[in-house]
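Here's the letter readout for the chains.
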There are 2 protein chains.
Amino acid sequence: MITSTSNGQVKELLQLQKKSKVRNERNIFVVEGIKMFLEAPRNRIEKVFISETLFNKKKQELDLEGLKVEILSDKVFSYVSDTKTPQGILCIVRQKKTKLEEIFRQKQAHLMILENLQDPGNLGTIVRTAEGAGVSGIILSKDCVDIYNPKTIRSTMGSIYRMPFLYVENLEKTIEEVKKQKIKVYAAHLQGKNNYDEENYKSGCAFLIGNEGNGLSQEIAEMADIWVKIRMHGQVESLNAAIASSILMFEVCRQRR
Amino acid sequence: MITSTSNGQVKELLQLQKKSKVRNERNIFVVEGIKMFLEAPRNRIEKVFISETLFNKKKQELDLEGLKVEILSDKVFSYVSDTKTPQGILCIVRQKKTKLEEIFRQKQAHLMILENLQDPGNLGTIVRTAEGAGVSGIILSKDCVDIYNPKTIRSTMGSIYRMPFLYVENLEKTIEEVKKQKIKVYAAHLQGKNNYDEENYKSGCAFLIGNEGNGLSQEIAEMADIWVKIRMHGQVESLNAAIASSILMFEVCRQRR
């Protein structure tokens, strides 16, 4: 059992929680909580860290056999946990790299393309809702918040394991690739002409979603085939990025039913 | 200028930021930031607290005439602010009480009824989206998170001033009142029979939305005329409460266009 916060593994775990650079260099990420552990694909789990209390209470139920397990004293566990009331389990999981071609292989594509999204909770909620809406893949510009941020992972509620996504170096080039696949590209834009529900999404479609504060950059918005807007009542200028994305994703769902 | 954190007004402001009880006893709440100040109805502003720096820079633009203004040293301002990077303006605003009858007076009612919602960000996002979707009013059970929580207010992006809402002592009784108005009551429920888009929302409608972790209580769910669900792909069990609410609200919008 590890009882000291100056233990090398503890220090490393903390680095992995806090630094996207460390996570991405090592191609791993950290998930926390019982649900996130149970839903993790077993063959991607590198190591499990469990608190003394949880280990003594639930070691049978959790089915830890065949996994590398480290027990941490409750104090040390609280120290490395990213939550206020830790459930007592953290795991290191291997990242899964999706290629653009894999996303294209799915017929009737439904893509979400995120530019410079900054809020970890928004991103996690989009990932979760995207799985629910049957989205085929999420493409992120390299300046988006890191999807392996602990807060993002929590908000995905497990969809992080199942939703195909990839970060791209050059978003413009990637959008060109998308268009070559005959996938229609829609920009969610306050200056959109048509309301979002006036378009037909039965064929392949992709939505460009911009930064929370500033929306899409001019260059990216101009690459879209069509600008659509979500028409609104009252004095609301715009919707939260995750809300706007969800309304669009479920409109596609609705039309395809 | 107030330069000490032990000043009486500063202490009171901090109490108002932190304690819903203090806010509700005095029928006021605190908003922060330039946008929130500019959108606040002038006749409801009790007092403005402004940082020395912002005052010196923008006293003209902000049009403070006729308002009670206190200047705080930048250090004191940071101390009372609820944000990491304060914009330099806080105001005390009077609460506005909406009555159930006022909500009913609007024709073609579209109500959201929230039971035991706990996340301040979710509530704020629902308020913001509700204004955008033309919702006529939000009814909250008394055990919902306080709508005047600083995080909720921030997430409303100003809709807090404009969206009619009320907390009710007895949610069951209130739902009975709603039904008496011939408003159809839908429960958003994982065991819903019909998909949400198979219903007709052109007449008055109300949606029951439950707690983030546990959904609706059995007693409240059973009061609904119809249970609807948002059918999903993948392994997603449920959507975030604000996302589910938004999909429902904009489906009503879509049908009524």
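Residues numbered from 1 in each chain as written. Chains lettered and ligands numbered in written order. Predicted model: local features only at pLDDT ≥ 70, side-chain atom pairs only at ≥ 80, totals over all residues. Heavy atoms only, no water.

Some words on the sheet that holds strand S2 (residues 45-51) of chain B
Residue and element names in this part refer to chain B.
So, step 1. If you trace the 4 strands from one edge of the open sheet to the other, you get S1-S4-S2-S3, paired in mixed fashion. Single-partner strands in this sheet number two, and they are strand S1 (28-32) and strand S3 (69-72). Averaged over all adjacent pairs, the angle separating strand axes in this sheet is 20 degrees, with direction ignored.
So, step 2. Inspection of the sheet shows S2 paired to strand S4 (residues 89-94) by 5 bridges, in the antiparallel sense. Residue pairing for S4: Lys47 is matched across the bridge by Ile92. (Pairing = 2+ DSSP bridges. Helix = DSSP H or I, 4+ residues; strand = E, 2+ residues; numbered from the N terminus. Axes fitted to C-alpha atoms, helices over the stretch in contact; angles between N-to-C directions.)

Things to note about the packing of aromatic side chains
All names here are of chain B.
So, step 1. One pass over the full model with this rule turns up 10 aromatic pairs over all chains.
So, step 2. Ring plane angle 65 degrees and centroid distance 6.0 Å describe the contact between Tyr148 and Phe165, whose orientation is recorded as edge-to-face. Here Phe165 lies in strand S7 (residues 165-168) and Tyr148 lies in the loop between strand S6 (137-141) and helix H8 (150-156), a separation of 17 residues in the sequence. In terms of burial, Tyr148 and Phe165 fall into one category: buried. (Phe/Tyr/Trp six-rings, centres within 6.5 Å; stacked < 30°, edge-to-face > 60°. Buried < 20%, exposed > 50% of the residue type's maximum accessible area, 1.4 Å probe, protein only.)

Things to note about the pairing of S7(B)
All names here are of chain B.
So, step 1. Bridge count between S6 and S7: 4 bridges; the pairing is parallel. Note on S7: the bridge partner recorded for Ser141 is Val168.
So, step 2. A crossover connection joins S6 to the parallel S7 through H8; in handedness this β-α-β unit is right-handed. (Right-handed = clockwise from strand over helix to strand, strands pointing away.)

Some thoughts on the pattern of salt bridges
So, step 1. Under the counting rule described, the total for this entry stands at 31 salt bridges over all chains.
So, step 2. Here B:Glu39 and B:Lys35 are joined by a salt bridge, their closest N and O atoms 2.8 Å apart. Residue B:Glu39 and its partner B:Lys35 are located together in helix H3 (residues 34-39), separated by 4 residues, close to a single helical turn.
So, step 3. B:Asp82 is the partner of B:Arg154 in a salt bridge, and the nearest nitrogen-oxygen pair spans 3.0 Å. Highlighted residues: B:Arg154 in helix H8 and B:Asp82 in the loop between helix H5 (74-80) and S4, separated in sequence by 72 residues.
So, step 4. Residues joined in a network through salt bridges with shared partners are A:Lys35, A:Glu39, A:Glu131, A:Arg162 and B:Glu237. (Salt bridge = Lys/Arg side-chain N within 4 Å of Asp/Glu carboxyl O.)

Purely geometric numbers; function is a separate question.
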